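# Structure assessment
Single-letter residue listing:
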There are 2 protein chains.
Amino acid sequence: MDKRKSDVSGLPTGWIREEVVRKSGLSAGKTDVYYYSPDGRKIRSKPMLARILGDSFDLSAFDFRSGRIISSALRKRMRHDSSLVLPIRQTASIFKQPVTVIRNRPESKTKTDIKHGNQDQPKQLFWEKRLQGLHARDVMEDVIQSLELPRNVQGIGPDLTTENILQSISAALHLNSTPVLGQNANKSTLQKNPGVHIDANQPHIQQLMVSDEDIRRQELRVQEARRRLQEAMKQAA
Amino acid sequence: MDKRKSDVSGLPTGWIREEVVRKSGLSAGKTDVYYYSPDGRKIRSKPMLARILGDSFDLSAFDFRSGRIISSALRKRMRHDSSLVLPIRQTASIFKQPVTVIRNRPESKTKTDIKHGNQDQPKQLFWEKRLQGLHARDVMEDVIQSLELPRNVQGIGPDLTTENILQSISAALHLNSTPVLGQNANKSTLQKNPGVHIDANQPHIQQLMVSDEDIRRQELRVQEARRRLQEAMKQAA
DNA sequence: CGGAGTGGAGAC
DNA sequence: GTCTCCACTCCG
């Protein structure tokens, strides 16, 4: 069968994404994307998804086809004919605030300008640093310890904590529709001029090799964890 | 029961169409259409119908749901990108004949033109007159006499024979999905400028009133015919 | 009658 | 042009 199911990074847990290739007809070869809600309902479009999730979840940046959060969702709004659009400031943070529009050049010129370049909201290069000093705590108010990173995962940037690096990787895994690889430029180039050389779509780690040995070691770890879980469940039964 | 059976104007004689209304579930109120072949088989879809009729009957313009020939079936083909479509003349009678396409205006202009107005094949207003002088004959080569029309069925048009009027009514009953009423404009207006005032979707008769008395008289005639048939079958048995 | 699968109008 | 979304078909 030409189907694939997978978890969905952009939705609450329990949602499943399915991709079905059309096998015949005028649209043969095209794919349809479906979601299954935790209670098993099949969802065939974003409006239908919005109806089921209700106000509990903000879908404005959710891309139905890819199943990911796309910050460029904004781009769509900017394509409207500016003469028809209400005078609304076209940025995300204060979205829907009325503002005054002043037009003193031909409309077509204005539209051309808007089209150029990346329409995403600017992103701070090291936004993770704003979270430094904040900690999740358990019910006893004790700080929850962070994960440890493998030695070959090397952060790139000024005074990044292990948490910062994890935040950076986590955000990339959630937001990217392209592979998450890390920074391509070498460390000294990056430190000379981060504003120019850092790839803002990649996490702040050096690119690294994952060897067959790494994969084998991880498999063993998973097997061991499963064995212990099995043990624990036997004890409970 | 919510069923209706009727003859099918778009199929060879002997075929019966049935309409069944769904009574419950998510699709309550929707109807399913079935056909019964002359030998009693139940047909549930157009592909199944095509398989049974084989090449003997062209279903391309047959609309399964309504049971009628839809000349606008052509419209679908005309929407394709003209650059991808084989050079085929887009008219019904010689459909699928290769022809040469000459383009000497911008393609967008051509497409815009195609979109406007009715896409059905043009129809001669008085095509029935081309059949004048042709007669069905029985095995003895004698002309089969036409029906007589009731006095209140009045033809509208130049020198229409009784046969012409019957042909016109018959075609309308076969092709229309709307009620067959006759011409709405009055006779003198029509004769002044038929090209403007004739409704090509209606037969060439004046609209007429059918009274309760007409209906009663027709019922009596049918009852009499049935009685005579019953008589004849008794004689044969 | 349900539902997978496709068609196609409308949005972009 | 391409894509989205939902109505519809067809068969279980």
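First things first, this report covers the structure right here in the doc. Keep in mind that this is a model prediction, so the values were computed, not measured.

### Observations concerning the overall build of chain A
Regarding its fold elements, chain A presents 7 helices and 6 strands. Each helix and strand of chain A, ordered N terminal to C terminal, gives the series β-β-β-β-α-β-β-α-α-α-α-α-α. Evaluated residue by residue, chain A yields a buried proportion of 19% over its 237 residues. In chain A, of all internal contacts separated by at least 6 residues, the share reaching a separation of at least 24 is 45%. Taken as a whole, chain A presents about 17900 Å² of accessible surface, with 53% of it coming from carbon and sulfur.

### Observations regarding the packing of aromatic side chains
In the structure shown here, the tally under the stated rule is 4 aromatic pairs over all chains. Summarising the aromatic geometry, the rings of B:Tyr35 and B:Phe64 are spaced 4.7 Å apart at their centres and angled 70° between planes, so their arrangement reads as edge-to-face. Linking B:Tyr35 in strand E3 (residues 31-36) with B:Phe64 in the loop between strand E5 (62-63) and strand E6 (68-69), this pair joins segments that are 29 residues apart in sequence. Taking the relative accessible area as the measure of exposure, B:Tyr35 reaches 0% and is therefore buried. Judged by relative accessible area, which is 13%, B:Phe64 ranks as buried. Across the ring face of A:Tyr34, the terminal group of A:Lys42 is positioned such that the distance to the ring centre comes to 4.2 Å.

### Some words on the protein's contact with DNA strand D
Within the structure, DNA strand D sits among 16 residues, and A:Arg44, A:Ser45, A:Arg65, B:Arg44 and B:Ser45 are positioned closest to it. A distance of 3.4 Å separates a phosphate oxygen of DNA strand D from a polar backbone atom of A:Lys46. Secondary structure elements with two or more residues in the surface near DNA strand D: helix H1 (46-53) of chain A together with helix H1 (46-53) of chain B. Top element by residues in the surface near DNA strand D is H1(B). It accounts for 3 residues. Grouping the amino acids of the surface near DNA strand D by side-chain chemistry returns 3 nonpolar, 2 polar and 11 charged.

### Some thoughts on the side chain of A:Asp32
Residue and element names in this part refer to chain A. The topology assignment puts aspartate 32 in strand E3 (residues 31-36). Of note is the side chain of aspartate 32, whose polar atom sits 2.7 Å from the side chain of arginine 22. The residues contacting aspartate 32, other than those within four sequence positions of it, are Glu18, Glu19, Val20 and Arg22.

### Examining the environment of A:Ala185
All names here are of chain A. Examined against the element boundaries, alanine 185 turns out to sit in the loop between helix H4 (162-175) and helix H5 (187-192). For the pair alanine 185 and glutamine 207, spaced 22 residues apart in sequence, the C-alpha separation works out to 8.9 Å. Setting aside residues no more than four positions away along its own chain, alanine 185 makes contact with Leu190 and His197.

Scoring rules and cut-offs
Residues numbered from 1 in each chain as written. Chains lettered and ligands numbered in written order. Predicted model: local features only at pLDDT ≥ 70, side-chain atom pairs only at ≥ 80, totals over all residues. Heavy atoms only, no water. Helix = DSSP H or I, 4+ residues; strand = E, 2+ residues; numbered from the N terminus. Buried < 20%, exposed > 50% of the residue type's maximum accessible area, 1.4 Å probe, protein only. Contact = heavy atoms within 4.5 Å. Areas by Shrake-Rupley, 256 points an atom, 1.4 Å probe, with all protein chains shown as cover. Phe/Tyr/Trp six-rings, centres within 6.5 Å; stacked < 30°, edge-to-face > 60°. Lys NZ or Arg CZ within 6 Å of the ring centre and 35° of its normal. Near = heavy atom within 4 Å. Polar contact = N/O pair within 3.5 Å; in protein donor to acceptor, adjacent residues only side chain to side chain. Nonpolar A, V, L, I, M, F, W, Y, C, P; charged D, E, K, R; others polar.

None of this, on its own, says anything about what the molecule does.
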